[in-house]
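Chain by chain, the residues run as shown.
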Amino acid sequence: MSAEKTIPATLIPGDGIGPEITESVTEILAAVGAPFDWDNQLAGMAAVDATGNPLPPQTIASIHRTGLALKGPLTTPVGGGFKSINVTLRQEFGLFANLRPTHTIVPGGRFDKIDLVLVRENLEGYYAAMESYIPVGDDPHGIATGAGYNSRAECNRIVRFAFEYAVKNNRKKVTLVHKANILKLLTGLFLEEGRKVAKEYEGRVECNERIVDACAMQLVIDPWQFDVIVTTNLFGDILSDLTAGLVGGLGLAPGANIGEKAAVFEAVHGSAPDIAGKNVANPLALLMAANMMLKHVGRADLATRIESAIQSVITEGTVRTRDLGGTAGTRELTAALKQKL
Ligand code: NAD
């Protein structure tokens, strides 16, 4: 056994397809010799069933201790019920930046050779979820209202994060995405800070601007024009599903939530209750999130080995999950990936 130092990390299998894709990913990480020493914890419906609490204090304490987590998707009740645990985690650990890279791994699709990164502000905007009802006549829910906020400090921090990411990862351009023509204050402040930060990087990183609706169209017509996109919370949420769609869907979209003291890595997709427990879920999005985690802890060497295995299995094309047009199960794909490491 090597004397290599282990890195404590929290593992949250999550709900729905979470446990099966987490099992696949930890198996592959073990096979490649990843240094993570997992602390298994519960969150979401799995935690409600076991403890009555969707985010038990032990889970929070574990992430405070490790500062690092790999998280399967969590089911959030729609309408009523408890607040999204994902949102709570972001707030608890100040995970201000959501990083969502998109690159083509399935060759020959409608959109080939896509390579862009979306940086989403993760704490503010409409996700502050300050919602209420105003009664109209005898309908207590006659009007629903929702308010959001963006702070100058957070707008500055997220745009700076995007530019720093561009510098470190040899990216050439950052696009500020906003809706300052309509939400003149809420997203105008983001644009104002964005322009300020962009000036500091002049000559090193190019900067341009897009209004969010035009950006959505441009992403479909000519996604190759984009390099790094930075935007506010809700726009980032929507556009990142769009970018996932460009390269083969949610089964291939990883994400990282990054703060000053902790980072949580996850797939962009949800718990997919429709296919849970059927051995058909695609584990690649969570595996790519684990790759981001390896890079985060300075083990890009291992991430590269896993990336090559993914690329070669997908390119050969015989072992693909159903969402990518194949017939392979989660376990079959896991075995094929391990063979390529
Ligand atoms: P979803 O992403 O779970 O599923 C959307 C569609 O994509 C479904 O048809 C599903 O089968 C498919 N899909 C998703 N992941 C897949 C994978 N790995 N392999 C193959 N197919 C896959 O979105 P939803 O149905 O809107 O949400 C289900 C639950 O997940 C909700 O409770 C939602 O709140 C939650 N959710 C959690 C997260 C998270 O934890 N980060 C993110 C999004 C949604």
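Starting afresh in each chain, residues are numbered from 1 along the sequence in its written order. Side-chain atom pairs in this predicted model are given and counted only at pLDDT of 80 or more, local residue features only at pLDDT of at least 70, and totals for whole chains, interfaces and linings cover all residues. The side-chain figures draw on all heavy atoms in the structure; neither hydrogens nor water molecules are used.

## Here's the deal with the overall build of the protein chain
So the rule is basically this: In this text, helices come from DSSP runs of H or I with a minimum length of four residues, and strands from runs of E with a minimum of two, each type numbered from the N-terminal end. In this description the radius of gyration comes from C-alpha coordinates, and the expected globular size is given by 2.2 Å times residues to the power 0.38. In what follows, a contact means two residues having at least one pair of non-hydrogen atoms within 4.5 Å. Counting rule applied: Lys, Arg positive; Asp, Glu negative; His and chain ends not counted. Charge placement uses NZ in Lys and CZ in Arg. For Asp and Glu, CG and CD serve respectively.
Assigned secondary structure in the protein chain consists of eleven helices and twelve strands. Computed over the C-alpha atoms, the radius of gyration of the protein chain is 20 Å, within 12% of the 20 Å expected from 2.2 N^0.38 for a compact globule of 341 residues. In terms of principal-axis extent, the alpha carbons of the protein chain reach across some 60 × 55 × 40 Å. Across the protein chain, the fraction of contacts at a sequence separation of at least 24, relative to all contacts at a separation of at least 6, is 73%. Within the protein chain, the 37 negative side-chain charges are centred at a point lying 5 Å from the centre of the 33 positive side-chain charges.

## With respect to the state of the cysteines
What counts here: Disulfide assignment relies on a single distance test, namely cysteine sulfur atoms paired within 2.5 Å. Burial status follows relative accessibility: with a 1.4 Å probe on protein chains alone, a residue under 20% of its type maximum counts as buried, one over 50% as exposed, and anything between as partly exposed.
A full pass over the atoms with the stated rule returns zero disulfides. Its sulfur unpaired, Cys 155 is 14 Å from the next cysteine sulfur, which belongs to Cys 207. Sulfur of Cys 207: no disulfide; nearest cysteine sulfur belongs to Cys 215 and is 13 Å away. A relative accessible area of 30% places Cys 207 in the partly exposed class.

## Brief notes about helix α10 (residues 300–316)
Note the threshold: Expected span of a helix: the number of residues minus one, times 1.5 Å.
Here α10 is 17 residues long and its end C-alpha atoms lie 24 Å apart, about the 24 Å a rise of 1.5 Å per residue gives. Looking at the buried positions of α10, the neighbouring elements they touch are α1 (18–32), α9 (284–296) and α11 (330–340). Two residues or fewer past α10, Gly 317 is found with a positive phi of approximately 85 degrees.

## Some points on the domain arrangement of the protein chain
To keep it simple, the criterion reads: The source of the domain bounds is an automatic or database domain assignment. When two components associate, each loses some accessible surface as probed by a 1.4 Å sphere; the sum of these losses over both components is called the buried area. We define a salt bridge as a side-chain nitrogen of Lys or Arg found within 4 Å of a carboxyl oxygen belonging to Asp or Glu. What qualifies as a polar contact is a pair of N or O atoms within 3.5 Å, subject to a donor-acceptor requirement within protein and to the restriction that residues adjacent in sequence count only when both atoms come from side chains.
When cut into domains, the protein chain gives domain 1 (1–101 + 250–341) and domain 2 (115–246). A C-alpha centroid distance of 25 Å is found between domain 1 and domain 2. With both chains or domains summed, domain 1 and domain 2 bury close to 1,500 Å², and 59% of this area falls on carbon and sulfur atoms. Sorting the residues of domain 1 by area buried against domain 2 places Phe 96, Leu 99 and Arg 100 first, and these three jointly supply 44% of that buried surface. Inspection of the domain 1/domain 2 interface yields one salt bridge. As a salt-bridge pair, Glu 260 and Arg 157 come within 2.9 Å of each other at their nearest N and O atoms. For the pair domain 1 and domain 2, the interface holds seven residue pairs in polar contact (both at pLDDT 80 or more).

## Brief notes about the site of the ligand
Rules: Nearness is defined per residue: one heavy atom within 4 Å of the molecule or strand is enough. To be clear on the numbers: accessible area is Shrake-Rupley with a 1.4 Å probe, and residue cover counts the displayed protein chains and nothing else.
Close to the ligand lie 20 residues; Leu 74, Thr 76, Gly 270, Ala 272 and Asn 282 are nearest. A distance of 2.9 Å separates an oxygen atom of the ligand from a polar atom in the backbone of Thr 76. Contact distances for the ligand include 2.7 Å between an oxygen atom and a backbone N or O atom of Gly 270. Burial of the ligand by the protein amounts to 69% of the accessible area it has alone, namely 810 Å².

## Quick word on the environment of Val 25
Within the fold, Val 25 resides in helix α1. Distance from Val 25 to Thr 334, taken between C-alpha atoms, is 7.9 Å for residues 309 residues apart in sequence. Once residues within four sequence positions are removed from consideration, Val 25 is found in contact with Leu 70, Pro 283, Leu 286, Leu 287 and Ala 290.

## A few points about unusual backbone geometry
With a phi close to 55 degrees, Lys 113 is a non-glycine residue in the positive phi region. Summarising the element assignment, Lys 113 is placed in the loop between β4 (97–103) and β5 (115–121).

## Considerations on the sheet that holds strand β3 (residues 68–71)
What counts here: Following DSSP output, two strands are said to pair if at least two bridges run between them. Think of each axis as a best-fit line through the C-alpha atoms, taken over the contacting stretch in the case of a helix, with angles from 0 to 180 degrees between the N-to-C directions.
Spatially, β2-β1-β3-β12-β11-β4-β5-β10-β8-β9 is the arrangement adopted by the ten strands of the open sheet, whose pairing is mixed. What marks the edges here is a single partner per strand, and that holds for β2 (36–40) and β9 (206–211). Neighbour-to-neighbour, the strand axes of the sheet open up by a mean angle of 25 degrees, direction not taken into account. Where strand β11 (residues 254–258) and strand β12 (residues 263–267) come together, five bridges link them in antiparallel fashion. Within β12, the position partnered with Gly 255 by the bridge is Glu 266. Relative to β5, helix α5 (residues 152–168) is tilted by about 160 degrees, and along the sheet it contacts β4, β5, β8 (173–178), β9, β10 (228–231) and β11. Where α9 meets the sheet, it contacts β1 (7–12), β2, β3, β4, β11 and β12, and its direction lies at approximately 155 degrees from that of β12.

## Some points on the pattern of salt bridges
The tally for this structure, following the rule as stated, stands at 18 salt bridges. Salt bridges sharing common partners tie together Arg 152, Glu 192, Glu 193 and Lys 196.

## Notes on the pairing of β12
Across the five residues that make up β12, a large majority, five, are buried. Burial along β12 is two-sided: the residues Ala 263, Phe 265 and Ala 267 and Val 264 and Glu 266 are all buried. In terms of strand pairing, β3 meets β12 through four bridges, oriented parallel. If you follow Leu 70 over to β12, its bridge partner there is Phe 265.

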